[in-house]
Amino acid sequence: MERLQGTPAMVPVWMLTVAAMLSIPMTAGSAVAQETHAEQTFDLIGTVTDEAGQPLVGAFVRLADSDWGSLTDGAGRFRIPKVTRGVLALQAELLGYETLAWKGTVDAGRELPLRMTSKPILLEGLTVVGDRFDSRRRAVAASVRWFDHEALATSPQSTALDFVSTRAGLYRVGCRGSFTSQCFMVRGRVTEPVVWVDENPVFGGLEYLASMAPHELYMVEVYGNGRGIRAYTPQFMERAAETRLNPIPFVLF
């Protein structure tokens, strides 16, 4: 067939019909695939309680073999977004309780109840050590503010330094000629706070706190309007509870 220059080639009608028929299932199939993929993920919502049904605050619920998870709030509720449908394996961890391993299927829109088993001896040890820390705070001749693991776990602040600054009402300013670039303004004076972590002094302590999320700490004490800060990790508090630690006497310089 001769084709005139500048004139489009003629295509048989039956070829156009076949092409149109083939294009329909391809388009529909793509839309169905996208919709199916969207339906395969959902937000997993649940609650964590103890044996008595009391909500547990600050428990970390995560997908097994993953760091993708959520902390329980003041009502013991957690939310893990974009969970894939199917069989799920979860772990829940909280100091003073046995690590919970759970496996099963969950439907979207239904809350998953999780119940953790306590370690009575460890919980008793935490109470004993907590009372001893409280006695030390009362013995210090300076103002003291302290925050427990529930306050830290439910904090909206992104770093431990932001938490301390906000909750203790401390004003941050720049430092010069010191181990840290940040200081507090205490009674009109630029003051570099002394920071201890797990009873050990940390140089450049505010930078250390800035590198941690609030929930990575179990307890924080703020002395002398920000002149001294003591922070404790869950790992340290677990050892302290097991050994019934007597905190060392504290002197604010």
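Details of the state of the cysteines
Part 1 of the argument: One pass over the structure, following the stated rule, counts 1 disulfide.
Part 2 of the argument: Here Cys175 connects covalently by a disulfide to Cys183, the sulfurs 1.2 Å from one another. The same class applies to Cys175 as to Cys183, namely buried.

A look at the pattern of salt bridges
Part 1 of the argument: A full pass over the atoms with the stated rule returns 12 salt bridges.
Part 2 of the argument: The salt bridge partner of Arg137 is Glu221, with a shortest N-O separation of 2.7 Å. You can see Arg137 sitting in helix H2 (residues 120–139) and its partner Glu221 sitting in strand S14 (residues 219–223), a full 84 residues away along the chain. Here the two residues Arg137 and Glu221 agree in accessibility, since each one is buried.
Part 3 of the argument: Through salt bridges that share partners, Asp134, Arg136, Arg137, Arg138, Glu199, Glu221 and Arg230 make up one connected network.

Re the sheet that holds strand S10 (residues 182–186)
Across a sheet, paired strands are connected by hydrogen bonds in the backbone, their directions being either parallel or antiparallel.
Part 1 of the argument: Taken in spatial order, the 3 strands line up as S9-S10-S11 in an open sheet, and their pairing is antiparallel. The sheet terminates laterally at strand S9 (172–174) and strand S11 (189–191), the two strands that pair on one side only. The average angle at which neighbouring strand axes cross in this sheet is 50°, direction not considered.
Part 2 of the argument: Examined bridge by bridge, S9 and S10 share 3 bridges and lie antiparallel to one another.

About the thresholds
- Residues numbered from 1 in each chain as written.
- Predicted model: local features only at pLDDT ≥ 70, side-chain atom pairs only at ≥ 80, totals over all residues.
- Heavy atoms only, no water.
- Disulfide = S-S within 2.5 Å.
- Buried < 20%, exposed > 50% of the residue type's maximum accessible area, 1.4 Å probe, protein only.
- Salt bridge = Lys/Arg side-chain N within 4 Å of Asp/Glu carboxyl O.
- Helix = DSSP H or I, 4+ residues; strand = E, 2+ residues; numbered from the N terminus.
- Pairing = 2+ DSSP bridges.
- Axes fitted to C-alpha atoms, helices over the stretch in contact; angles between N-to-C directions.

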